[in-house]
Structure formats: structure tokens, C-alpha cells
Amino acid sequence: MTSIDHSGGQTPVDHRDQETLRAHVARELARSRQRSTLLTDAVDEDDLVRQHSRLMSPLVWDYAHIANQEELWLVRDVGGREPVRSDIDEIYDAFKHPRSNRPQLPLLGPSETRRYVGEVRDKVLDVLDRSTFEGSRLVDNAFAFGMIVQHEQQHDETMLATHQLRSGPPVLHAPPPPRAEGLALPAEVLVPGGGFVMGTSTEPWALDNERPHHEVWVDAFLIDTTPVTCGAYLEFVGAGGYTDPRWWTEAGWAHRQAAELVAPAFWDRVGGVWLRTRFGVVEPIPEDEPVVHVSFHEAQAYATWAGRRLPTEAEWEKAARFDPATGRSLRYPWGDEDPTPERANLGQRHLRPAPVGAYPAGASPTGVHQLIGDVWEWTSSDFHGYPGFTAFPYKEYSEVFFGADYKVLRGGSFGSDQAAVRATFRNWDYPIRRQIFAGFRCARDVRPGEFD
Ligand SMILES: [Fe+2]
């Protein structure tokens, strides 16, 4: 067996060089703002202030909340400056107000929000200009800037999900993703048993829940080469998967019945044919595309019906980053270099998952495809801190969510930005959630004697 390399991934940006780091931060701040602007400029004022679903905030809340967090951390905390608007902190505190109640708050209107967002950003760029990125854990390697960039990109993905829930004609447009390359991919691949390094202690902008790196033993297992497709999922639907409690857990079946689930969210059966609605476009179900908008319960039921199971979080990460040739855990499936359009479907570049097999350049050393981008992947694991976890910079980032209420999702979706996705990145949500861009892939144990 190859030995395990504990050195962790290399960082492509040289964070020791202040000017390089400053330019990198400025670029990332600009990129996230460009996306927030696109998502909020795409709709009229009425759509900005309206609640499109009780599951979501009005878009105008997200936008001001993005700026409020930026103000709290970068203007006040890192910059030590006077508040821009301390009177609105309470309104935009996500922990004080559940999403369903946010439309009732005295929110800033669209033009006031845009003014506030711009004012905060001007101050932040000034703070950035003067920062030496040294002296505290918050500013080392520009961590707080990175945290805020990721926070904005995460809210952009949330706003994209709000767009998906919005009714009316399409307002977002993007070119289609690349086609599948026509490779004959095996249905599943073997990931060898043994230890591997999970999590990271070196990735500069990794969040507290990704830390610290630690060795985890994973028995040999098999995992699907690609996420489960709409075509495969249609077979489950057609085979009566939603009417047979055998495939569901007790909690899953109870939810399926109460919520009257019969297919993934946004699917409708019209004249005997399944169609889906995607950002206002009604279209046939694309059979070769990863299924999206399924809950953990639906993913789990499909896997049981198929005689398989969901991967654990550790299995997913090992499939995504362990290189058996070197014993090292990579930053991404393809290596340590940042994502490119050839490697992964990220950043809302396309408004849908890409067909399976569309990203051979993004495959992992063990031959697993499309782990990063396309669809978030449900795992069977509850959300917990790693051994040695310490909350940073605040408990509400992740620690308050630890426990059995949330399931971990991995890999990011077509709506996740590359700043907020890596092979160690952990997302979590309730097992009933399906407005997020979540799909899954299956795994299974090695059968006795199968590879002897
Ligand atoms: Fe937030």
C-alpha cells in the first residue's frame, strides 16, 4: 500500500506575496459582485421585494444581507471603521429572522439597498488597500476577505434557487453546457481500501468545518462513475418507486406522504410525458443529465430501490481527492489547480447540470467524473465537526448546525462558484430540502470474493 502524504494540497495563489494576494482578493470581490448584480438586475422592483416561496428570502433581503455581513466583518472588524449603518444589523441577521418572516421586516427598498451595497464595497476596497494580511487569524492570508467572498457566492447560489422558484417568463440566460464526449464510461469504479487524509489544514480560505485535516480509514467500496441521471431516475418513478414504502426510511416515507411527492421538484406529467420547468423554461426531461431537485429522502429511496446506498461523506471525499499513486489527497479531483471551464460546470456559467461524461478532464485519479459542479451530492452522513474542530470565526458559521438534523452535501452545483467549492468543502441541509441544486450518486460495498 502506498503511504499517506499529510502535506495537504498546494495553493496556486502565492499568499506570501501581499500584492498578489491583494489583487486576488480584489478580483474575487469584483467577480462575486458582478454575479449579485446580474441576479438582482435581472428582475423588476416588484420581483426584488416579493417572496417567491416561503422557503426563500426576498432577493432584496439577500442583497442587503450580503453587504451587511461585508460591513460587519471587513469594514468594522478588520478595518476598525465606523459603521456604515448600524441601525439595520438586526434586520439582516439571519439567525434572528427565519426566511418565511423576512418579507414582514422593514427592509431597505431596492434603490436604498443598492446604495448601501455600493457604500460598503467602497469602504472595503479602502480597507483592502491598507491591509497587510498579518497580525490575527482573521486577516492572515486574507481569510476574512475570503470568507466574505464565499458568503456572497453562497447567497448568489441561494438567489439563483429563488429565481428557479419564481414564476413567469425566463429572465436568466446562458449557453448550454458542453455535450458528453461519447466515452464508454464504466457504471462504477472501485476505490481501494485504506487510510486517506480528509479535510484540510492548509487551504487558506477553507472554513472551520473543513478543518483540521485528519486520517480516516475507508474500506474498499464502489461508487458510481457519474451522478444518477434523470433517465435512471425516471425508471424509479415509472417502477412505482414513490408508491412503495419498502424503498423509503420511516421518516422519508412519512415525508413523502405528507408532502405528496411523486417526482423531483419542478417535474410535471403532462399528457403522459414528464416535463420540467427550469428558470421559466418548460422542457422535456433530459435523460442523460444528472437529476436535480431531489431531497435526501428521495435519493436514499432510489439507492435502496437500485440495490445500492448513498456514499458516506468520507467515501465521497476519498473518491474525489485520494490519489492511490502518491497516497496524497488533492485539492480537486483533477489535481491542485483551480477549476476551469474544461474541468467542471460551476459558477452559473450554464443554467443546468451538464450531461454525464461531459467533463473527462475533471475526473478523479480513481476515474470518478463530475464530482465538482453540476449537482450537489447528498451523502448518508450527518453534519459533525472533525476531530480537533474549533469554531472560527463564530459558532454560527457551522457549529450550531452540528447534529443529526442535517445531512452533508458535497461537490457544489452548476450554481456554485469556484470560490466556494473544493474537494474538502462541506454543505449541509435538511433531508427534506429540494429547492437546492441537489442530486446524488450511489455507492456499494465490495461483495465477498468480488476482487480476490
Ligand atoms: Fe448569510
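Structural notes, computed from the coordinates.

### Focus on the overall build of the protein chain
Working step 1: Summing up its helical and strand segments, the protein chain has nine helices and 14 strands in all.
Working step 2: Here the C-alpha atoms of the protein chain give a radius of gyration of 22 Å, agreeing with the 22 Å that 2.2 N^0.38 yields for 452 residues.
Working step 3: Each of the 452 residues in the protein chain was classed as buried or not, and the buried ones make up 58%.
Working step 4: Residue pairs in contact within the protein chain that sit at least 24 positions apart in sequence constitute 78% of those at least 6 positions apart.
Working step 5: Just so you have it, the protein chain exposes about 18100 Å², and 51% of that area is on carbon and sulfur atoms.
Working step 6: Across the protein chain, 47 positive and 66 negative side-chain charges occur, with their mean positions spaced 2 Å apart.

### Brief notes about the packing of helix 1 (residues 18-41) against helix 4 (residues 110-130)
Working step 1: Contact pair helix 1 / helix 4: the axes reach a minimum separation of 11 Å and the direction vectors enclose 175°. Here helix 1 is positioned roughly antiparallel relative to helix 4, judged by the angle of their axes. Here Arg22, Val25, Ala26, Leu29, Ala30, Ser32, Arg33, Thr40 and Asp41 of helix 1 come into contact with helix 4, specifically with Arg114, Val117, Arg121, Val124, Leu125, Leu128, Asp129 and Arg130.
Working step 2: By residue class, the composition of the contact of helix 1 with helix 4 is eight nonpolar, two polar and seven charged.

### A short note on unusual backbone geometry
Working step 1: Here the residue pair Arg211 and Pro212 is connected by a cis peptide bond, since its omega of -15° sits within 30 degrees of zero.
Working step 2: Considering the arrangement of structural elements, one finds Pro212 in the loop between strand 2 (194-198) and strand 3 (214-218).
Working step 3: Omega for the bond connecting Phe392 with Pro393 falls within 30 degrees of zero, at -5°, which places this linkage in the cis form.
Working step 4: Mapped onto the secondary structure, Pro393 falls in the loop between strand 10 (376-383) and strand 11 (403-410).
Working step 5: Its identity is not glycine, yet Gln348 carries a phi of approximately 65°, on the positive side.
Working step 6: Considering the arrangement of structural elements, one finds Gln348 in the loop between strand 9 (328-329) and strand 10.
Working step 7: Residue classification places Gln348 among the buried positions, given a relative accessible area of 11%.
Working step 8: Even without being a glycine, Asp374 presents a positive backbone phi close to 65°.
Working step 9: Relative to the elements of secondary structure, Asp374 occurs in the loop between strand 9 and strand 10.

### Quick word on helix 8 (residues 296-305)
Working step 1: Of all ten residues in helix 8, eight are buried; the element is thus mostly enclosed.
Working step 2: On its buried face, helix 8 is in contact with helix 6 (230-238), helix 7 (250-259), strand 10 and strand 11.
Working step 3: Following helix 8 by one or two positions, Gly307 adopts a phi angle in the positive range, close to 75°.

### Points about the packing of helix 3 (residues 59-78) against helix 4
Working step 1: Interaxial distance between helix 3 and helix 4 falls to 9 Å at its minimum, and their mutual angle equals 25°. In terms of orientation, helix 3 and helix 4 fall into the roughly parallel class. For helix 3 against helix 4, the interelement crossing comes out left-handed. On the side of helix 3, the interface is formed by Val60, Tyr63, Ala64, Ala67, Asn68, Glu70, Glu71, Leu74, Val75 and Val78, while helix 4 contributes Pro110, Thr113, Arg114, Tyr116, Val117, Val120, Arg121, Lys123, Val124 and Val127.
Working step 2: Classifying every residue of the contact of helix 3 with helix 4 by side-chain character gives 13 nonpolar, two polar and five charged.

Calculation rules
Residue numbers run consecutively from 1 along every chain, following the written order of its sequence. A pLDDT threshold of at least 70 governs which residues receive local features in this predicted model, and a stricter bar of 80 or more applies before side-chain atom pairs are shown or counted, although totals over entire chains, interfaces and linings include all residues. Just so you know, side-chain values use all the structure's heavy atoms and leave hydrogens and water out. Note on conventions: DSSP H or I runs of at least 4 residues are helices, E runs of at least 2 residues are strands, and numbering of each starts at the N terminus. Restricting the calculation to C-alpha atoms gives the radius of gyration, and the globule rule supplies 2.2 Å times the number of residues raised to the power 0.38. Under the scheme applied here, a residue whose accessible area is under 20% of the maximum for its type counts as buried, over 50% as exposed, and between as partly exposed, the area being computed with a 1.4 Å probe on protein chains only. We call two residues in contact when some of their heavy atoms are within 4.5 Å. Per-residue and other accessible areas follow the Shrake-Rupley method at a 1.4 Å probe size, with only the shown protein chains counted as cover for residues. Asp and Glu count as negative and Lys and Arg as positive, but His and the ends of the chain are not part of the count. By convention, charge coordinates are those of NZ in Lys, CZ in Arg, CG in Asp, or CD in Glu. For every element, the axis is a line fit to its C-alpha atoms; helices are fit only across the contacting stretch, and the angle between N-to-C directions ranges from 0 to 180 degrees. Each angle is binned into one of four classes, with values under 35 degrees roughly parallel, values over 145 roughly antiparallel, values of 65 to 115 roughly perpendicular, and all other values oblique. In this classification, the charged set is Asp, Glu, Lys and Arg, the nonpolar set is Ala, Val, Leu, Ile, Met, Phe, Trp, Tyr, Cys and Pro, and all remaining amino acids, among them Gly, are polar. For any helix crossing, the convention is left-handed if the near helix is rotated counterclockwise from the far helix by under a right angle, and right-handed if that rotation is clockwise.

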